[in-house]
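Letter by letter, the chains look like this.
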Amino acid sequence: MAVVCKASKKEEYTPVKIKQEETVCPAQACGGVLVRLGEVKPLLTIARRVGGVDFRRKAACCREGDVGVGRVEEGTMTHFPALALPQIVSRLLALSFLSGVGHYDFDDSHKLLPQYDFIVVGSGSAGSAVAARLAEVPEWRVLLLESGGPPPPEARVPGFNSILMQSEYDWNHRTVPQKYGLRNYKDNACPFPMGRVVGGSSVINWMMYVRGNRRDYDQWNDLGNPGWDYNTVLKYFKKAEDYRGTRNVGTEYHGRGGPLVVDDKRWRTPLSRGFLKAGLELGYNIVDPNGPEQIGFSAADLTVRNGERGSVVESYLRPALAYSNLHIVSNAHVTQILMDDHKRAVGVRYEHRGKVRTALTKREVVLSAGAVGSPQLLMVSGIGPAEHLRQHGIPVVLDLPGVGHNLQDHPSIFGLTWLTKRGSSNNLNRWLNPRNIKNYFKTREGPLSVPMALEGNAWSLAEEGDPHWPDLQFLFMASTPALDGGVYFNDIIGFRRDFFKQYYGSILGHEGYNIGPMLTRPKSRGTVRLRSRNPHDRPLIDPNFLSHPDDINTFVRGIKFVLAIGNTTAMRHEFGSRFHDQVLPGCEKELYGSDDYWACYTRHMAQTTFHPSSTCKMAPSSDPYGVVDHRLRVRGASGLRVVDASIMPVIVSGNLNAPSIMIGERAADLIKEDWNIPIEPLG
Ligand SMILES: Cc1cc2nc3c(=O)[nH]c(=O)nc-3n(C[C@H](O)[C@H](O)[C@H](O)COP(=O)(O)OP(=O)(O)OC[C@H]3O[C@@H](n4cnc5c(N)ncnc54)[C@H](O)[C@@H]3O)c2cc1C
């Protein structure tokens, strides 16, 4: 049993310089070692993060109020001060200037009811949408439990988009070492960020609004999931949307008046113009990727509302605070779904402020803990592949081999870099210039009003099958990975330091850009598996990147396409674009520029684009690996649904925030229908 630690004497934390490449146990997460009062564990590492700085000590017991207690584990890598400094600065700035921002702690723990109609686990993109919509039914009582705390003020500043990665608002997961890729990354593994905060990943993401391709959803439907075809899901994308952009306004493709503001990228670097011109030069149109067809070049659409991040906290949860029937409890880590003898979900067990609590439901538990959290929670509760559960001594409630199976992510290459003239790209002066900072906090305009570096997207015609169903997306970033001299961004990306110095050492601080080919329809499949039966232990995340040989070939095609973009007159003449053509460390033996060289480049450089999905896939009963049916009910159970990115049978051809919100919106209507509540007809 977990013990709430009480210190026998008052102890102070002292900041320690964490030597490079050391690992610490994550703040806010118990690393797996439970401490019993009075027990002596000299090697226990206690971590606490204050204002973005890690404080760490070794001790026999934790102190009252400690949030990060556990063994040193491989999960988190924190550098001091490289990561801590920008986090502190951004918080101080946000605290000093965002005076109009009302902090809300999302803690209704003082008014909990003995029983709820619905318990939603996880307040991320899908969980917040479904919880807020369920609470529209006045007679229903809804409880939303979230493991993380309330979002910090700096989360509202779009330009601080990378600041929350590897902070206490990130689960700080890492992949397991990859057999086929990540060769220039420490331990052949990479950080795998996911939001652990009220609002989930929508609070730490990069705010690009992309729905995917109409064919993705028609495929879901054709795989035996009725009601998930494009025409149906489009209604839910529109229901969620309050479109304030300039493309296809007033057409059947965009919604107005929904909770989620979607807008054009209002502030752009000069290079953004070059990127769009390059597309025209290559014979592509400038498109609205959320319009009739996706193929083409586009400036990014953003979930930014009047210059501030439009996460699901702003769009769904704050407005829902008006409902007295929705209770939200932050810092409530769910450790088990409680199932009765008839395999019906009757509640959940969770930990809050050091106490183990139980919440009961008379209708349903809705699991929205994300593509890693949902399969993990199912498995520790006895729902998953029986053999795997038995290995960890977990009594099997339901043998569902598909739980944690079928992990899909979009791998992409952050690394193909061009140098350009001064003033053309995002540089540190633009980002951190006091004038721009002051201007942002006054007007919500300028470089900080948009996510740092992200400028646009492109989708090229597919070579196989339907040409309008792209297998590649290109992320255009108007900065290089060496923009900050390797002080900060390298740790966020996760390259090995020796590699970084060797490859980027000659271009530290230079202006330029980066185009990342991203596989929209990868063929590799991975897994999420348990490390142990302890719900606090990090799961083993294996995306199994590049295990399918076709993924390498698609990347090679993608790299050639981005080289063509960089080589257009538009990029070369106006911006002096020049490819950083240094031979990639690790690929010296290949003929530079050959297909084998680019395949080698891919194996060394491709990594996550932070889009895990499909680990509890929706499928008809004929599919042995299905976890939920088309109404998102867990197969073989009752009173239990999964509602988040994990239900995607196949990952979609775009970023996952908008699709996850759509899933939450659609799920709410499915639930209402199943409980005979009339639903609003959608146009
Ligand atoms: C750094 C980053 C950048 C990204 N950029 C973009 C982008 O620009 N555009 C885009 O479209 N997508 C982007 N994404 C992806 C997108 O944000 C996610 O795919 C989407 O938010 C997933 O939604 P979800 O509801 O499935 O899960 P999440 O939003 O991750 O929500 C899951 C929630 O469950 C909580 N939880 C988990 N376990 C438990 C538990 N045991 N008890 C209680 N609570 C629990 C988590 O803390 C979290 O709040 C990005 C993601 C990241 C991490």
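Residues numbered from 1 in each chain as written. Predicted model: local features only at pLDDT ≥ 70, side-chain atom pairs only at ≥ 80, totals over all residues. Heavy atoms only, no water.

1. What to know about the UniProt feature "domain: Glucose-methanol-choline oxidoreductase N-terminal" (unreviewed entry) in the protein
Here is step 1: Per the UniProt record, "domain: Glucose-methanol-choline oxidoreductase N-terminal" (unreviewed entry) is found at residues 195–218 and 370–384.
Here is step 2: Helix makes up 21% of residues 195–218 and strand 0%, and the two end C-alpha atoms of the span are 29 Å apart.
Here is step 3: With 73% helix and 13% strand, residues 370–384 has end C-alpha atoms that lie 16 Å from one another. (UniProt positions renumbered as here; feature names shortened; annotations may be inferred. Helix = DSSP H or I, 4+ residues; strand = E, 2+ residues; numbered from the N terminus.)

2. A short note on the pattern of salt bridges
Here is step 1: Per the stated rule, a full pass over the model turns up 35 salt bridges.
Here is step 2: With its nearest N and O atoms 3.2 Å apart, the salt bridge here joins arginine 215 to glutamate 293. With arginine 215 in helix α3 (residues 214–222) and glutamate 293 in the loop between α5 (270–281) and β10 (296–299), this residue pair connects regions lying 78 residues apart in the sequence.
Here is step 3: Glutamate 293 sits in the partly exposed class, given a relative accessible area of 32%.
Here is step 4: The salt bridge partner of arginine 273 is glutamate 574, with a shortest N-O separation of 2.3 Å. Linking arginine 273 in helix α5 with glutamate 574 in helix α14 (residues 569–575), this pair joins segments that are 301 residues apart in sequence.
Here is step 5: Given the relative accessible area of 33%, glutamate 574 is considered partly exposed.
Here is step 6: Bridged by salt links that share partners, the residues Arg133, Glu136, Lys239, Glu665, Asp669 and Lys672 form one connected network. (Salt bridge = Lys/Arg side-chain N within 4 Å of Asp/Glu carboxyl O. Buried < 20%, exposed > 50% of the residue type's maximum accessible area, 1.4 Å probe, protein only.)

3. A few points about the packing of α3 against helix α4 (residues 230–240)
How two helices pack is summed up by the angle between their axes together with the distance between the axes.
Here is step 1: Interaxial distance between α3 and α4 falls to 8 Å at its minimum, and their mutual angle equals 120°. Here α3 lies oblique to α4, going by the angle between them. Here Arg214, Tyr217 and Asp218 of α3 lie close against α4, whose contacting residues are Tyr230, Val233 and Phe237.
Here is step 2: Its residues assigned to classes, the contact of α3 with α4 comprises 4 nonpolar, no polar and 2 charged. (Axes fitted to C-alpha atoms, helices over the stretch in contact; angles between N-to-C directions. Parallel < 35°, antiparallel > 145°, perpendicular 65-115°, else oblique. Contact = heavy atoms within 4.5 Å. Nonpolar A, V, L, I, M, F, W, Y, C, P; charged D, E, K, R; others polar.)

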